[in-house]
Amino acid sequence: MDYFTQQLINGLVLGSIYGLIAIGYTMVYGIVGMINFAHGDIFMIGGFIALITFLILISLGLTAIPVILLVVLLVSMAITALYGWTIERIAYRPLRHSFRLAPMLSAIGMSFVLTNYSQVAQGARVKPIPPLITGGYTLHESPDGFVIQLSNIQIVVVITTIVLLLIFNWLVLRTRLGRDMRACEQDQTMAALLGVDVDRTISMTFVIGAALAAVAGLMYLLYYGQVDFNMGFVAGIKAFTAAVLGGIGSLPGAMLGGLAIGLIETLWSAYFSVEYKDVAAFSILIIVLIFMPTGLLGRPEVEKV
Amino acid sequence: MTVLSHETTKANRTAGIPVTLLKRAFFNALVALVLFSLMVGIRTEAGPTGQLTYWGRFGELASLVAIVFGGSIFIELLRQWLGPVGTEKLVPPAVQRGLAFTGRLVAPALLIFTLLVPVIFYNQRYILDLAILVLTYVMLGWGLNVVVGLAGLLDLGYVAFYAVGAYSYALLATNFGWSFWICLPLAGILAALWGVMLGFPVLRLRGDYLAIVTLAFGEIIRLVIINWQSLTGGPNGVSGIPRPTLFGIPLDNTDDGLAAKLGIEFSPTHRIVFLFYLILALALLTNWVTIRLRRLPIGRAWEALREDEVACRALGINTTTTKLTAFATGAMFGGFAGAFFATRQGFISPESFTFQESALVLAIVVLGGMGSQLGVALAALSMIGGFELFRGLEGYRMLVFGWAMVLIMIWRPRGLIGHRAPTVYLTKVQAISSDLVKEGHG
């Protein structure tokens with residue numbers, strides 16, 4: 001039981017990271033109707049920028065961890081958001097009214113570009129950093145000596161995710177931009193007729209999605225202590241799986257799907273075999289989709305004749 | 001990285017002010033500066049103790065920003081000069097008619113040229129190897145075309161069937177010693193079975209859901225191959241896969257070999273030429289079967305399914321069998337190609353069956369123009385051939401390839417060959433523009 005609780009905690013932490021990436025997929029899908037295959041690589045870029053900012057700040061002699069974290073968070077969010085914005089302008093906007101496969105292929109192409117750009121610019125080797133946030137709490141100690149640990153880094157990841165989700169929720173539900181986004185999701189043409197700047201709204205969608213992916217990248221860096229050029233692909237498909245599992249287009253669904261994938265992966269690794277954890281995650285995706293073809297929280301598709 | 005919007009291009013055309021152009025270029029350079037500042041400007045490297053060090057690379061950063069600045073001015077001027085006219089409209093109608101006429105000659109000419117490749121380039125091993133590689137992708141493209149181009153089912157995991165075919169042949173041949181000609185149909189059948197297995201769960205899914213499930217399926221197959229070490233050898237792969245024989249006669253330097261039997265001098269090129277004709281035959285078989293099937297009710301059901309699934313069902317077409325046959329047929333050709341790949345390489349490992357391969361084959365199909373057989377062949381030739389041009393620039397190869405995918409899609413989202421011959425016609429054959437062809441919502 002204690003072992004299970006520990007795995008539950010680990011799974012929820014991993015799930016929050018997936019959830020943050022999945023929101024980017026779901027937002028873009030909801031508004032533009034395309035799968036942004038490069039989103040996983042944007043997450044990877046976010047991790048790299050966080051890493052480099054860390055290095056610079058530490059070598060400048062900064063020691064206050066909260067200050068470092070805040071600066072790194074802001075820098076990586078800002079630069080990664082600019083990546084999201086640029087990618088939308090270059091590779092997706094010209095294809096917005098094209099047939100459906102074209103933006104998908106340009107997104108796949110963009111994903112290759114980002115992966116290999118990062119490899120060329122930063123090398124192929126894994127980049128480790130020393131742990132910044134250490135320590136933790138012992139929640140419970142069973143008689144046979146098993147300890148349930150809650151490390152500080154896990155608390156940081158979960159709290160950051162919750163705070164960001166609250167901000168994000170406020171943004172979507174309470175601000176002008178959020179209203180524009182929801183309007184575009186319903187009907188782009190109608191929204192444009194009613195005075196919504198569709199181009200700007202779509203750009204902002206990519207910017208916000210990329211900024212959230214950057215936070216996920218930073219959390220990944222803090223939690224695992226390393227980044228590499230190749231990590232975007234696997235994390236990307238997992239997060240995409242999470243978005244589909246939750247019902248693509250649904251924001252709470254993306255978070256729920258992220259948590260589900262994180263839990264499945266962690267519990268499977270804990271009780272069965274680590275090697276097949278991805279197989280388990282993908283198999284459950286297929287099984288869920290067979291019985292709920294639009295995901296857990298997705299709206300049923302209406303067939304138009 | 002240039003960021004240019006169409007609206008401002010128009011404004012610039014009327015005003016023709018270089019100041020706005022400079023402003024825009026300056027803005028792009030600024031964006032580039034921020035984008036590249038940390039990723040290019042700072043290089044990190046882990047030392048022997050695992051300690052990360054970094055150093056500045058400001059020269060590279062400055063030159064990249066300068067390239068973006070110059071590039072945006074250049075592209076903007078080019079646009080102003082060319083105007084917003086599409087590439088098609090630049091060609092006068094008479095020339096277009098001439099091109100359409102020669103277009104009909106392209107396919108036969110290409111086929112004759114292909115047949116003669118081993119004769120022309122007999123002594124150039126490199127070109128022969130490249131030709132075999134191109135033909136493998138032509139075959140894969142034609143196979144996937146059945147699923148994506150004809151039936152409109154978006155398959156992002158096609159490489160799974162390629163892998164099934166390759167591993168089927170490799171394992172059957174190394175464990176039981178069966179010959180290539182027995183294993184080839186078996187590999188096709190096994191791949192087709194996997195196609196049906198994938199088809200069943202996804203019957204109810206459409207569009208992007210189908211895409212993610214096929215992607216997941218491809219990854220599952222790859223992960224199983226990597227981890228099921230006792231069967232597949234895991235990451236080490238399977239080696240010592242027997243070479244194909246000419247119906248039992250090996251193509252080697254022994255007394256039983258073909259060269260000895262024919263009484264000619266042995267040359268390793270014989271085997272390459274044989275492999276070339278083998279893959280050519282397999283690819284042509286794929287093409288022939290596809291063209292024949294398209295004229296049969298099943299092929300027309302595929303195309304009807306691509307255009308409108310609801311209408312299909314209303315007309316009484318069984319969408320279940322239609323989808324399953326499309327998956328199975330496409331998968332079977334993938335399996336044949338996989339078996340060929342295994343026998344050509346003599347060694348296979350999971351590294352050859354990544355998502356990148358699936359994306360490459362899908363890119364070939366879409367770039368060729370969905371459903372166009374000639375387009376797929378030309379796309380495979382240009383993609384794989386173009387890919388080879390950058391072999392020297394190892395690290396930059398995929399970078400260039402990714403950019404090519406993006407730019408080609410922006411330039412020609414409908415593919416190289418934008419129209420194709422119709423499957424059925426009333427009195428006169430009229431080419432169908434691909435703008436009228438749906439991409440399939442699965």
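Source: prediction; values computed, not measured.

## Considerations on the overall build of chain A
When its secondary structure is counted, chain A shows 11 helices and four strands. On C-alpha atoms alone, chain A measures out to a radius of gyration of 20 Å, which is about the 19 Å that the 2.2 N^0.38 rule sets for 305 residues. Across the 305 residues that make up chain A, the buried fraction comes to 58%. A separation threshold of at least 6 residues defines the contact pool for chain A, and within that pool the share at least 24 residues apart is 74%. Put simply, chain A shows about 12,000 Å² of open surface, and 67% of that area lies on carbon and sulfur atoms. Separation between the mean location of the 15 positive side-chain charges and that of the 16 negative ones in chain A comes to 11 Å.

## Considerations on the confidence of the model for chain B
Residue and element names in this part refer to chain B. Of all residues in chain B, 84% attain a pLDDT of 70 or more, and the chain-wide mean is 82. Segment residues 1-5: pLDDT under 50, and 26 contacts once partners within four positions in sequence are set aside and those in other chains are kept. This stretch, residues 8-12, has a pLDDT under 50; its non-local contacts, to residues over four places away or in other chains, come to eight contacts. For this predicted complex, the interface confidence score (ipTM) comes to 0.88, while the overall pTM stands at 0.87.

## Quick look at the nonpolar core
Counting residues in hydrophobic clusters, the biggest one holds 222 residues, and the most contacted among them are Ile108(A) and Ile348(B). Excluding anything up to four places from it in sequence, Ile348(B) contacts Ala166(B), Tyr167(B), Ala170(B), Gly237(B), Val238(B), Ile241(B), Phe341(B), Ala342(B) and Phe353(B).

## A closer look at the packing of helix H2 (residues 39-59) of chain A against helix H8 (residues 198-224) of chain A
Residue and element names in this part refer to chain A. Contact pair H2 / H8: the axes reach a minimum separation of 7 Å and the direction vectors enclose 55 degrees. It follows that H2 is oblique to H8 by the angle criterion. Judged by the twist between their axes, the crossing of H2 over H8 is right-handed. Contacts between H2 and H8 involve His-39, Ile-42, Phe-43, Gly-46, Gly-47, Ala-50, Leu-51 and Phe-54 on the former and, on the latter, Gly-209, Ala-210, Ala-213, Ala-214, Ala-216, Gly-217, Leu-218, Tyr-220, Leu-221 and Leu-222.

## Quick word on the environment of Ala32(B)
Position of Ala32(B) among the secondary structure elements: in helix H2 (residues 18-39). Those residues in contact with Ala32(B), other than ones at most four positions away along the chain, are Ser37(B), Val65(B) and Val68(B).

## Quick look at the interface of chain B and chain A
Chain B puts 69 residues into the contact, and the matching count from chain A is 74 residues. Summed over both sides, the interface of chain B with chain A buries roughly 6,600 Å², with 74% coming from carbon and sulfur. Looking at the side of chain B facing chain A, the largest losses of area belong to Leu38(B), Met39(B) and Tyr209(B), adding up to 12% of the total buried there. For the pair chain B and chain A, the number of links is one salt bridge. Measuring nitrogen to oxygen at the nearest pair gives 3.8 Å for the salt bridge that ties Glu45(B) to Arg125(A). Broken down by secondary-structure element, the contributors of at least two residues to the side of chain B that touches chain A are H2, strand S1 (42-46), strand S2 (52-56), helix H9 (207-227), helix H14 (309-314), helix H16 (355-368) and helix H18 (394-411) of chain B. No other element matches the 13 residues that H9(B) contributes to the side of chain B that touches chain A. Classifying every residue of the side of chain B that touches chain A gives 46 nonpolar, 12 polar and 11 charged.

## Section: a nonpolar patch on the surface
All names here are of chain B. A grouping of Leu-111, Ile-112, Phe-113, Leu-115, Leu-116, Val-119, Ile-120, Tyr-277 and Leu-284 is seen on the molecular surface, where their side chains present a nonpolar patch of about 780 Å² in accessible area. Of all elements in the fold, only helix H5 (93-120) and helix H12 (269-295) reach the threshold of two or more residues within the nonpolar patch. A total of seven residues in the nonpolar patch trace back to one element, the largest contributor, which is H5. Inspection of the secondary structure puts Leu-116 in helix H5.

## A word on the pattern of salt bridges
Residue and element names in this part refer to chain A. One pass over the full model with this rule turns up 16 salt bridges over all chains. Its salt-bridge partner being Asp-199, residue Arg-93 comes within 4.0 Å of it at the nearest N-O pair. Of this pair, Arg-93 sits in the loop between helix H3 (65-92) and helix H4 (101-122) while Asp-199 sits in helix H8, and the two are 106 residues apart along the sequence. On the accessibility criterion, Arg-93 (17% relative accessible area) is buried. Residue Asp-199 is classed as partly exposed on the basis of its relative accessible area of 28%.

## Some thoughts on helix H3 (residues 58-82) of chain B
The end-to-end C-alpha distance of H3(B), which contains 25 residues, comes to 36 Å, matching closely the 36 Å that a straight helix rising 1.5 Å per residue would cover. Residues of H3(B) that are buried: Leu61(B), Val65(B), Val68(B), Ser72(B), Ile73(B) and Glu76(B).

## Focus: the pairing of S2(B)
Residues and elements named next belong to chain B. The pairing of S1 with S2 spans five bridges and is antiparallel. Among the inter-strand pairings, Ala-46 is bridged to a residue of S2, identified as Leu-52. With antiparallel pairing between neighbouring strands as the criterion, S1 and S2 make up a hairpin whose turn holds five residues, including Gly-50 at a positive phi of roughly 90 degrees.

## So, the packing of aromatic side chains
Counted according to the given criterion, the structure contains 27 aromatic pairs over all chains. An angle of 70 degrees between the planes, with centres 6.2 Å apart, marks the rings of Phe37(A) and Phe240(A) as edge-to-face. Of the two residues, Phe37(A) sits in the loop between helix H1 (2-32) and H2 while Phe240(A) sits in helix H9 (residues 231-246), which places them 203 residues apart along the sequence. Residue classification places Phe37(A) among the buried positions, given a relative accessible area of 9%. Using a relative accessible area of 2% as the deciding quantity, one classes Phe240(A) as buried. On the numbers, 5.8 Å between centres and 15 degrees between planes, the contact of Phe37(A) with Phe355(B) is stacked. With Phe37(A) in the loop between H1 and H2 and Phe355(B) in helix H16, the pair connects residues from two separate chains. Look at Phe355(B) and you get buried, because its relative accessible area is 7%.

Thresholds applied
Residues numbered from 1 in each chain as written. Chains lettered and ligands numbered in written order. Predicted model: local features only at pLDDT ≥ 70, side-chain atom pairs only at ≥ 80, totals over all residues. Heavy atoms only, no water. Helix = DSSP H or I, 4+ residues; strand = E, 2+ residues; numbered from the N terminus. Rg over C-alpha atoms; globule rule 2.2 N^0.38 Å. Buried < 20%, exposed > 50% of the residue type's maximum accessible area, 1.4 Å probe, protein only. Contact = heavy atoms within 4.5 Å. Areas by Shrake-Rupley, 256 points an atom, 1.4 Å probe, with all protein chains shown as cover. Lys, Arg positive; Asp, Glu negative; His and termini not counted. Charge placed at Lys NZ, Arg CZ, Asp CG, Glu CD. pLDDT = per-residue confidence, 0-100. Core = buried A, V, L, I, M, F, W, Y, C linked by side-chain atoms within 4.5 Å. Axes fitted to C-alpha atoms, helices over the stretch in contact; angles between N-to-C directions. Parallel < 35°, antiparallel > 145°, perpendicular 65-115°, else oblique. Left-handed = near helix turned anticlockwise from the far one by under 90°. Buried area = accessible area lost by both parts, 1.4 Å probe. Salt bridge = Lys/Arg side-chain N within 4 Å of Asp/Glu carboxyl O. Nonpolar A, V, L, I, M, F, W, Y, C, P; charged D, E, K, R; others polar. Patch = residues over 30% accessible without salt bridge, like charges linked within 9 Å, V, L, I, M, F, W, Y side chains within 5 Å. Expected span 1.5 Å × (residues − 1). Pairing = 2+ DSSP bridges. Phe/Tyr/Trp six-rings, centres within 6.5 Å; stacked < 30°, edge-to-face > 60°.

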